[in-house]
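# Notes for the structure review
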Amino acid sequence: MKNRRRFLATGLAAGVLALHRTAFAHGGAEHAPKRAAEVPKEQQAWGIAGDEKAVSRTIPVVMTDEMRFVPDRIEARLGETIRFTHENRGAVMHEMVIGTPKTLAEHAEMMQRFPEMEHDEPWMTHVAPGGSGEMIWTFNRAGEFQFACLIPGHFEAGMVGTIKVVG
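Along each chain, residues carry numbers from 1 onward, in the same order as the chain's sequence is written. Owing to the predicted nature of the model, reporting of local features is limited to residues with pLDDT of at least 70; listing and counting of side-chain atom pairs is limited to 80 or more, with chain, interface and lining totals taken over all residues. Calculation of side-chain values draws on the structure's entire complement of heavy atoms; hydrogens and water are dropped beforehand.

## With respect to the overall build of the protein chain
Counted only if it meets this: Only DSSP runs of H or I with at least four residues qualify as helices, and only runs of E with at least two residues qualify as strands; both kinds are numbered from the N terminus onward. Whether a residue is buried, partly exposed or exposed follows from its accessible area with a 1.4 Å probe, protein chains only, as a fraction of its type maximum: under 20%, in between, or over 50%, in that order. Contacts between residues were defined by any pair of non-hydrogen atoms, one from each residue, lying within 4.5 Å. Every accessible area reported is derived by Shrake-Rupley at a probe size of 1.4 Å, with residue values counting cover from the shown protein chains alone.
In terms of helices and strands, the protein chain carries two helices and 10 strands. Ordered by position from N to C terminus, the α and β elements of the protein chain give α-β-β-β-β-β-β-α-β-β-β-β. Residues classed as buried in the protein chain amount to 40% of the 167 residues present. Long-range pairs, those at least 24 residues apart, make up 76% of the contacts in the protein chain with a sequence separation of at least 6. Surface summary for the protein chain: the accessible area is close to 9,400 Å², and the carbon and sulfur share equals 58%.

## Remarks on the packing of aromatic side chains
For any pair of aromatic rings, the description consists of the separation of the ring centres together with the inter-plane angle of the planes. Here is the rule: Centre distance within 6.5 Å is the pairing criterion for rings of Phe, Tyr and Trp, where only the six-membered ring of Trp is used; planes under 30 degrees apart are then read as stacked, over 60 as edge-to-face, and the remainder as tilted.
Scanning the entire structure with this criterion turns up four aromatic pairs. Linked through ring pairs, Trp46, Trp123 and Trp137 together constitute an aromatic cluster.

## With respect to the sheet that holds strand E9 (residues 143-148)
Quick note on the threshold: Pairs of strands are assigned from DSSP output, requiring at least two bridges between the strands. Helix axes are fitted only over the stretch in contact, all axes being lines through C-alpha atoms; the angle between N-to-C directions runs from 0 to 180 degrees.
Taken in spatial order, the five strands of this open sheet run E4-E10-E9-E6-E7, and their pairing is mixed. Two strands bound the open sheet, and with one partner strand each, they are strand E4 (73-77) and strand E7 (124-127). For this sheet the average axis-to-axis angle between neighbouring strands, irrespective of direction, equals 20 degrees. As paired strands, strand E6 (residues 94-99) and E7 are joined by four bridges and run antiparallel to one another. Its bridge partner lying in E7, Glu95 is registered against His126. Docked against the sheet, helix H2 (residues 101-113) engages E6, E7 and E9, running at close to 140 degrees with respect to E6.

## A word on the environment of Phe139
Mapped onto the fold, Phe139 is located in strand E8 (residues 132-139). For the pair formed by Phe139 and Leu78, sequence separation is 61 residues and the distance between their alpha carbons is 5.8 Å. Beyond its immediate chain neighbours, meaning those up to four positions away, Phe139 contacts Trp46, Ala76, Arg77, Leu78, Gly79, Glu80, Ile82, Phe84, Ile98, Ile163 and Val165.

## Some words on the sheet that holds strand E3 (residues 68-70)
Strand order across the open sheet formed by five strands is E1-E8-E5-E2-E3, with mixed pairing between neighbours. Strands with a single pairing partner mark the edges of an open sheet, and in this sheet they are strand E1 (48-49) and E3. Where strand E5 (residues 80-88) meets E8, eight bridges bridge the pair, whose relative direction is antiparallel. Bridged to Glu80 within E8 is Phe139.

## Section: the pattern of salt bridges
The condition is simple: Salt bridge, as used here, is a side-chain nitrogen of Lys or Arg placed within 4 Å of a carboxyl oxygen of Asp or Glu.
One pass over the full model with this rule turns up eight salt bridges. Across the pair Lys102 and Glu106 runs a salt bridge whose closest N-O atoms are separated by 3.9 Å. Of this pair, Lys102 and Glu106 both sit in helix H2, four residues apart, which is roughly one turn of that helix. Connected through salt bridges with shared partners, the residues Glu52, Arg83 and Glu134 form a single ionic network.

## Observations regarding the environment of Met135
You can see Met135 is positioned in strand E8. The sequence separation of Met135 and Met124 amounts to 11 residues, and the corresponding C-alpha distance is 7.1 Å.

## Details of the side chain of His154
Within the secondary structure, His154 sits in the loop between E9 and strand E10 (160-166). Overall, the relative accessible area of 8% leaves His154 in the buried class. Filtering out sequence-adjacent residues up to four positions away, His154 remains in contact with Met67, Val92, Met93, His94, Cys149 and Met159.

Next comes the structure, spelled out in structure tokens:
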């Protein structure tokens, strides 16, 4: 009886520790939308975090386990602030990260080496299976940029889209 209790207590403790540990991994609950606090505004080559009051339109983005975004091509006007709403119709975690082809490829490579790394920048959103998310971004730089899911294997499978910002 004593061994059984010890076994159950050890198993319960291990389960709690495992849940706690995964809660802080890349795909955990800490990536839920957190727009209540002030979003840090740091200029990137592809724009800057946007203000909700400046949103000119909303673009819904669907993420699938076929490793695709719908739509996978977006056009924005220079200076436009867009609210992206995300719906994960898959059974695995997906994310949308905006950047240049170079920065996304570098980040994808880093994610391969450190799949549990934590990050939560205003140009990325993580969406649990069956869940939703949102991102508000101002495109104050003209050019052609990309968005991608950088979860290991997803980027490599082609889960990439294009954003063309025209002046």
